[in-house]
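Summary of structural features
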Amino acid sequence: MKFDKDMLIGDILAESPEKAEVLMEAGMHCIQCPASQMESLEEACAVHGIDVDELLKVLNQ
């Protein structure tokens, strides 16, 4: 599966639970928070000051 910036954090983790480690290493330590499950990857990156394009490169490796 190819991930994109519009995907919800909850959908990413449901599809590929192993990606939780990638998100946490990038600085998203609240991925288990109920609110984060309905947040897009782009929104979460904006909140955490993370470059969404760089994170997508890692997620899609």
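Predicted, not measured: the structure shown is a model, and the values here were computed from it.

Definitions and cut-offs
Counting restarts for each chain, with residues numbered from 1 along the sequence as it is written. Reporting of local features is limited, given that this is a predicted model, to residues whose pLDDT is at least 70; pairs of side-chain atoms are given and counted only at 80 or more, and all residues count toward the totals for whole chains, interfaces and linings. Just so you know, side-chain values use all the structure's heavy atoms and leave hydrogens and water out. For this analysis, a nonpolar core means a set of buried residues of the types Ala, Val, Leu, Ile, Met, Phe, Trp, Tyr and Cys, connected via side-chain atoms within 4.5 Å. Type-normalised accessible area, obtained with a 1.4 Å probe on protein chains alone, sets the label of each residue: buried when under 20%, exposed when over 50%, and partly exposed for intermediate values. A run of H or I in DSSP counts as a helix once it spans at least four residues, and a run of E counts as a strand once it spans at least two, with each numbered from the N terminus. Should any heavy atoms of two residues lie within 4.5 Å, those residues are counted as being in contact. Under this scheme, a helix contributes an axis fitted over its contacting stretch, all axes are lines through C-alpha atoms, and angles between N-to-C directions fall in the 0 to 180 degree range. Any angle that is under 35 degrees is reported as roughly parallel, and any over 145 degrees as roughly antiparallel; angles of 65 to 115 degrees are reported as roughly perpendicular and all others as oblique. Here is the rule for handedness: rotate from the far helix to the near one, and if that takes an anticlockwise turn smaller than a right angle the crossing is left-handed, while a clockwise turn gives right-handed. Only Asp, Glu, Lys and Arg are considered charged in this grouping, and only Ala, Val, Leu, Ile, Met, Phe, Trp, Tyr, Cys and Pro are considered nonpolar; every other residue, Gly among them, is considered polar. By definition, disulfides here are pairs of cysteine sulfur atoms that lie within 2.5 Å. Directions from the helix axis toward the C-beta atoms define the arc. In the analysis that follows, any N or O atom pair within 3.5 Å is treated as a polar contact, provided that within protein one partner can donate a hydrogen and the other can accept it, and provided that, for residues neighboring in sequence, both atoms belong to side chains.

As for the nonpolar core
Formed by 18 residues in total, the largest nonpolar core has its most connected members in Ile 9, Leu 23, Met 28, Leu 41 and Leu 55. Those elements that provide at least two residues to this core are helix H1 (9-15), helix H2 (19-26), helix H3 (41-48) and helix H4 (52-59). In terms of residues, this core owes the most to one element, H4, which gives four residues. Ignoring sequence-local partners within four residues, the contact set of Leu 55 consists of Val 22, Leu 23, Ala 26, Met 28, Leu 41, Cys 45 and Ile 50.

Examining the packing of H2 against H4
The interhelical angle for the contact between H2 and H4, taken along N-to-C directions, is 150°, at an axis separation of 10 Å. Put simply, H2 runs roughly antiparallel to H4. Helix-helix and strand crossings are classified by hand; for H2 and H4 the assignment is right-handed. Contacts from Lys 19, Val 22, Leu 23 and Ala 26 in H2 reach Leu 55, Val 58 and Leu 59 in H4. Counted by class, the contact of H2 with H4 contains six nonpolar, no polar and one charged residues.

Description of the state of the cysteines
According to the stated counting rule, one finds zero disulfides in the structure shown. Considering cysteine sulfurs only, Cys 33 is the nearest to Cys 30, which forms no disulfide, with 5.8 Å between them. Residue Cys 30 is classed as partly exposed on the basis of its relative accessible area of 35%.

Comments concerning the environment of Cys 33
Counting through the fold element by element, Cys 33 comes out in the loop between H2 and H3. When its relative accessible area of 33% is taken as the criterion, Cys 33 is described as partly exposed. A C-alpha to C-alpha distance of 20 Å links Cys 33 and Val 52, two positions 19 residues apart in sequence.

A word on H4
Of the residues making up H4, those classed as buried are Val 52, Leu 55, Leu 56 and Leu 59. The arc that holds every buried residue of H4, seen down its axis, measures 105°, which confines them to one face. On its buried face, H4 is in contact with H2 and H3. Capping the start of H4 is the job of one residue whose side-chain oxygen sits 2.8 Å from the backbone nitrogen of Asp 53: Asp 51.

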